[in-house]
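Observations on the model geometry
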Amino acid sequence: MTPHRTLDPRPALAILAAGGLLALTGCGTQTTTSASASRPEPSGEGRTIRATQIAHVTDPHEVTGRTLLEGPVLDEDGDLYVVDVTAPAGEPKVLSVDLTTGKSEGVYTDKTGAYTSAQISPYDGRLYLTDYTGSIVSIEPDGSDPRTFFSGEVEGSATNLDDIAFDDEGNLYVSDLHGMKPGEAKGRIVRIDRDGEKSTVLADGLAHPNGVMFDPELHGLWISELAENTVSYLLLDADKTAVTSQHEAIHVDAGVAQADSIAVDADGNLYQALHGRPAMAVYSPNGERLATVEIPAKAAKGLESATNVAITPGGKKAYMTVSGPDGGYVFRFTALAEGIRQSNGG
């Protein structure tokens, strides 16, 4: 999500702020040069996986001038939910998508939220939404009973929350884009207890962390840093309250694109979404580039970014959110392995 691309939601969020609905500070991103950025990734893009369009969900909004789908997340009944980051007040910010007919309908909206991800808690079954302005809201899947789960500073600093991962007990692990200015590396990974009362910084000094997701065994977290185009692995202690080791695992050779959200399948393969290219890069847990998920060339002309994916638990059907000047869409492809809970958006 870079400032020079028309898809970047932050200018639209600034429009909302000017209308008194949001108060956002500087949010520019710019890839910085570092030692890690010069490290090679495994050569090639692997095999090509073709994705097909199944739903046209949104069009650019008149107020914000754009649309940007995120999420996506599947519930136990197989219903798909997505969020529209740039939706203004009164227009759907959470939508459900019928995967058979491709039809969508609004589930939830409010006056101020700029929701950047959605995830279902294994503890209470509610849908949790990260608000870029620094809070987390939970709702029932039908959009009812909205509650502010978390809001405010973490260890004395304001937050710009992006993606969520849950452990099996319902504790949250959230990427915080705090300090998003060119050349700064002040981002964090934050752990929030499932009651929302305690928050802890697990890792800091990150270059605009975006994707965050557990490996299948829940031993550690995969995180992607948008401004460095890297994927790192954070090994956690037995209580999952501290990082015991951290290392850069993959450099994403994406050209003008940047590393967005991330998901895993049952085999531990990583599905790395690309901001600035309507595609996903797929890696083995050992860092080998296995495949690239591509959409048809004709559709790609009007679309600019793939943000995330949900893979059906126990199946290989995968649903990818893609957006651009032509609107927000869901595309389907066949994953390399079956989905698990950690395959579910976030």
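Above: the structure in question.
Definitions and limits used
Residues numbered from 1 in each chain as written. Predicted model: local features only at pLDDT ≥ 70, side-chain atom pairs only at ≥ 80, totals over all residues. Heavy atoms only, no water. Pairing = 2+ DSSP bridges. Helix = DSSP H or I, 4+ residues; strand = E, 2+ residues; numbered from the N terminus. Buried < 20%, exposed > 50% of the residue type's maximum accessible area, 1.4 Å probe, protein only. Lys, Arg positive; Asp, Glu negative; His and termini not counted. Salt bridge = Lys/Arg side-chain N within 4 Å of Asp/Glu carboxyl O. Polar contact = N/O pair within 3.5 Å; in protein donor to acceptor, adjacent residues only side chain to side chain. Contact = heavy atoms within 4.5 Å. Axes fitted to C-alpha atoms, helices over the stretch in contact; angles between N-to-C directions.

**A few points about the pairing of strand β6 (residues 104-108)**
As paired elements, strand β5 (residues 94-97) and β6 share four bridges and run antiparallel to each other. Paired with Leu95 across the strands is Gly106, a residue of β6. Connecting β5 to the next strand, β6, in antiparallel fashion are six residues, including Gly102 with a positive phi near 80°.

**Concerning the side chain of Asp215**
With respect to the secondary-structure elements, Asp215 resides in the loop between β15 (209-214) and β16 (220-225). An unpaired buried charge is present at Asp215: no salt bridge exists, and Lys240, the closest side chain of opposite charge, is 8.0 Å distant. A distance of 2.5 Å separates a polar atom in the side chain of Asp215 from a polar atom in the side chain of Tyr233. Not counting residues within four places of it along the chain, the set of residues in contact with Asp215 comprises Gly220, Trp222, Tyr233 and Gln342.

**Regarding the sheet that holds strand β17 (residues 230-236)**
Spatial strand order, β15-β16-β17-β18: four strands in an open sheet with antiparallel pairing. Of all strands in the sheet, those bounded by a partner on one side alone are β15 and β18 (243-251). When strand polarity is set aside, the average angle formed by the axes of neighbouring strands in this sheet is 20°. Where β15 and β16 come together, four bridges link them in antiparallel fashion. Bridge pairing in β16 places Phe214 opposite Leu221.

**A look at unusual backbone geometry**
Even without glycine at this site, Leu218 takes up a positive phi of about 60°. For Leu218, a relative accessible area of 10% puts it in the buried group.

**Regarding the sheet that holds strand β13 (residues 187-192)**
Taken in spatial order, the four strands line up as β11-β12-β13-β14 in an open sheet, and their pairing is antiparallel. The sheet is open, and its two edges are formed by β11 (161-166) and β14 (199-206), each paired on a single side. Averaged over all adjacent pairs, the angle separating strand axes in this sheet is 20°, with direction ignored. Examined bridge by bridge, β13 and β14 share five bridges and lie antiparallel to one another. Within β14, the position partnered with Arg191 by the bridge is Thr200.

**Focus: the environment of Ala291**
Along the chain, the position of Ala291 falls in strand β22 (residues 289-294). Take Ala291: its relative accessible area is 0%, and that puts it in the buried class. Distance from Ala291 to Tyr271, taken between C-alpha atoms, is 9.3 Å for residues 20 residues apart in sequence. Leaving out residues up to four positions away in the same chain, Ala291 has contacts with Glu45, Gly46, Arg47, Ile49, Met280, Ala281 and Val282.

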